[in-house]
Amino acid sequence: MQQPFKAVKVTDNVYWVGAIDWGLRYFHGYSTERGSTYNAFLILADKITLVDTVKAPFRAEMLSRIKSITDPEKIDYIISNHSEMDHTGCLPEVIETVGPERVFASAMGVKALSEHFHLDREIVAVKDGEKLSLGNMVLTFFETRMLHWPDSMFTYLVEEELLFSQDAFGMHLATSERFDDEIDRGIWEYEARKYFANILLPYAPQVTKLLEKLSKLRFSIKTIAPDHGPVWRRDVNKVLDLYSEWALQRPTKKAVVVYDTMWGSTGRMAAAIGDGLKQGGASPKLMPLRSCTRSDVATEILEAGALLVGSPTLNNNIFPTVADVLTYLKGLKPRNLIGGAFGSYGWSPAGVEQVWEALTEMKVDLVGEPLKVKYVPDSGSLEQCVSWGASIAERLKELCGRETT
Amino acid sequence: MKKYVCNVCGYVYDPAVGDAESHIPAGTAFEDLPGDWVCPVCGAGKEEFSPEE
Ligand SMILES: [Fe+2]
Ligand SMILES: [Fe+2]
Ligand SMILES: [Zn+2]
């Protein structure tokens, strides 16, 4: 039967059979201005194998792409590399339709899948390093725990030197092109960085370890097929290098100034601090929270050296948008940052103080004292903001200098 | 002193090393970790740990 959706050939025996979510703008709190894709892949081996599925509402699109090359009932194996619902949401229904001989996941994946879907069939647990014969081809599994869930694993197709990497090396980017070389590099590099910052950052030390392990194993990777965004076939080494760089979070001269303001006073402080940072030789980026999302802030933090956070006091409390971004950043565990707290207040400086506490808890190396201004800053207090910014820039220069020598 | 493994993420608590992130000095036995101590990698509680084989 003629199918509305078509599979896309990735390598000789592997096809992309995923779905494109053009309209996605919100992914559990992550702003996805360019939409996303949920990638699933079909291996046409003796044992026909489906690697991952898609978010529940996209099941028909995936099945149609599969049908464009084979009857779904001919699928022998299904592999779940990651249990999160953007890749498993329709797994129970797909198992029902396909009737596969076996379904595989990591040991933690078996647990997570049963706690999601309470399936009444067995999911077979595979171990780190285990091989699975598909008749004429072989798969090898690698546990990648906490990248970014306990269940996460990679599946490597030996004959095609292709790594199915689930969320790792992915990005939220909806395109009709399926490969890195067909997409503007500026766009994929930004979206890959944003994805790393918002999804993988808490586990950066594990990323470093995994990359070391992969290079020790010395198996060649020609293609990386992640679960979101383009398939890597030209810039495989480039994305591996970017990941090892990002995972180190080396301080740079970039200083991210995040703030909100009630009557413009904390905003004016931020502008003066920004000028001070620039005068001191840093590269400031101001992010007013009425115009920037929490995931934009995370993206900028990844390649920064300083995080300066400003909050006015509202009802003896931190400003809600600032609390939001601090809660989010705390979970992402950014490392190697210096920082500071600032803000205007009327009679209680609780806002600035709570920022200071939150940054301390995040193990940000705080410079000086919290910078507080009563009501509206005058030229004297704006001068103070400028010199505060300049002093943070000095510290940044020292730190970056130390890194390079 | 015995090492303990996190059942969730595979992190190994080594008493000889401790856990600097939570201010646990080297030489602290797993049994002596405070009740609210959590895995530095995944955040799982002490009850998720098993002695290393
Ligand atoms: Fe995920
Ligand atoms: Fe995902
Ligand atoms: Zn753990």
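Cut-offs used in this document
Residues numbered from 1 in each chain as written. Chains lettered and ligands numbered in written order. Predicted model: local features only at pLDDT ≥ 70, side-chain atom pairs only at ≥ 80, totals over all residues. Heavy atoms only, no water. Patch = residues over 30% accessible without salt bridge, like charges linked within 9 Å, V, L, I, M, F, W, Y side chains within 5 Å. Areas by Shrake-Rupley, 256 points an atom, 1.4 Å probe, with all protein chains shown as cover. Salt bridge = Lys/Arg side-chain N within 4 Å of Asp/Glu carboxyl O. Helix = DSSP H or I, 4+ residues; strand = E, 2+ residues; numbered from the N terminus. Buried < 20%, exposed > 50% of the residue type's maximum accessible area, 1.4 Å probe, protein only. 1 Å grid on protein atoms, 1.4 Å probe; cavity = no way out; pocket = protein on both sides within 12 Å on 5 of 7 lines; lining within 4 Å. Points joined across faces, edges and corners; volume = space filled by probe spheres on them. Domains from an automatic or database assignment. Contact = heavy atoms within 4.5 Å. Buried area = accessible area lost by both parts, 1.4 Å probe. Axes fitted to C-alpha atoms, helices over the stretch in contact; angles between N-to-C directions. Parallel < 35°, antiparallel > 145°, perpendicular 65-115°, else oblique. Left-handed = near helix turned anticlockwise from the far one by under 90°. Nonpolar A, V, L, I, M, F, W, Y, C, P; charged D, E, K, R; others polar. Polar contact = N/O pair within 3.5 Å; in protein donor to acceptor, adjacent residues only side chain to side chain. Donors = N, O, S within 2.8 Å, 3.2 Å for Na, K, Ca; no water. Tetrahedral: all angles 85-135°; square planar, octahedral: opposite > 155°, others 65-115°.

Draft legend 1. Spatial organisation of a nonpolar patch on the surface. Residue and element names in this part refer to chain A. There is a patch of nonpolar side chains on the surface, built from W347, Y375 and V376 and spanning about 420 Å² of accessible area. Mapped onto the elements, V376 comes out in the loop between β22 (371-374) and α12 (379-404). Here V376 falls in the exposed class, since its relative accessible area comes to 56%.

Draft legend 2. Just the layout of surface pockets, in detail. All names here are of chain A. The calculated volume of the largest pocket comes to roughly 1,200 Å³. Among the secondary structure elements, those contributing two or more residues to the lining of the largest pocket are α6 (204-217) and α10 (320-332). The leading source of residues in the lining of the largest pocket is α6, at 5 residues. Residue-level mapping places the lining of the largest pocket at the junction of two domains, with at least three residues from each of domain 1 (8-248) and domain 2 (254-396). Computed from the structure, the second largest pocket encloses a volume of approximately 270 Å³. M262, T313, S344, Y345 and G346 are the residues nearest the centre of the second largest pocket, which is lined by 18 residues in total.

Draft legend 3. Focus on the domain arrangement of chain A. All names here are of chain A. Domain annotation for chain A reports domain 1 (8-248) and domain 2 (254-396). Averaged C-alpha coordinates put domain 1 and domain 2 at centres separated by 38 Å. Counting residues at the interface gives 17 residues for domain 1, matched by 15 residues for domain 2. Buried surface at the junction of domain 1 and domain 2, both sides included, amounts to about 1,400 Å², of which 51% is carbon and sulfur. Per-residue buried area on domain 1 facing domain 2 is highest for N198, L201 and P202; these three make up 36% of the total on that side. At the junction of domain 1 with domain 2, the criterion picks out 2 salt bridges. A salt bridge links R193 to E303; the shortest N-O distance between them is 3.0 Å.

Draft legend 4. Expanded view of the packing of helix α5 (residues 185-200) of chain A against helix α7 (residues 236-248) of chain A. Residue and element names in this part refer to chain A. The contact between α5 and α7 brings their axes to 11 Å, and the two run at 40 degrees. In terms of axis orientation, α5 runs oblique to α7. You can see that α5 and α7 cross each other, and the crossing is right-handed. Listed contacts from α7 to R185, W188, E189, A192, R193, F196 and L200 of α5 are K238, L242, Y243, W246 and A247. Within the contact of α5 with α7, the residues separate by chemical class into 8 nonpolar, no polar and 4 charged.

Draft legend 5. Quick peek at the interface of chain A and chain B. On the side of chain B, 9 residues touch chain A, which itself brings 8 residues to the contact. Of the roughly 660 Å² buried between chain A and chain B on both sides combined, carbon and sulfur atoms contribute 50%. Between chain A and chain B we count 0 salt bridges in total. Linking chain A to chain B there are 3 residue pairs in polar contact (both at pLDDT 80 or more). In the side of chain A that touches chain B, the residues fall into 4 nonpolar, 1 polar and 3 charged.

Draft legend 6. Focus on unusual backbone geometry. Residues and elements named next belong to chain A. A cis amide bond links L147 with the next residue in sequence, H148, at an omega value of 0 degrees. Turning to its location among the elements, H148 is positioned in the loop between β13 (138-143) and β14 (153-157). Despite not being glycine, K333 shows a phi value in the positive range, around 45 degrees. Mapping K333 onto the fold places it in the loop between α10 and β20 (338-345). Residue class for K333 comes out partly exposed when judged on its relative accessible area of 27%.

Draft legend 7. Representation of the coordination of the iron ion (ligand 1) within the structure. All names here are of chain A. The protein atoms that coordinate the iron ion (ligand 1) are H82 (NE2), E84 (OE), H148 (NE2) and D167 (OD), at distances of 2.0 to 2.2 Å. One can describe the donor arrangement at the iron ion (ligand 1) as irregular, given that its 4 donor atoms subtend angles of 91 to 168 degrees at the metal. Binding-site remark: the iron ion (ligand 1) is held by donors from one chain whose sequence spacing is H-x1-E-x63-H-x18-D. Taken as an interatomic distance, the gap from the iron ion (ligand 1) to the iron ion (ligand 2) is 3.5 Å; D167 donates to each of them. Of this pair, E84 sits in the loop between β9 (77-79) and α2 (85-88) while H148 sits in the loop between β13 and β14, and the two are 64 residues apart along the sequence. Side by side, E84 and H148 carry an identical accessibility label, which is buried.

Draft legend 8. How the structure looks around the pattern of salt bridges. Residue and element names in this part refer to chain A. Under the counting rule described, the total for this entry stands at 20 salt bridges over all chains. Taking the shortest distance from any N to any O, the salt bridge between E143 and R145 comes out at 3.4 Å. Its relative accessible area of 22% is what places R145 among the partly exposed residues. The salt bridge partner of K285 is E300, with a shortest N-O separation of 3.9 Å. You can see K285 sitting in strand β18 (residues 283-288) and its partner E300 sitting in helix α9 (residues 294-302), a full 15 residues away along the chain.

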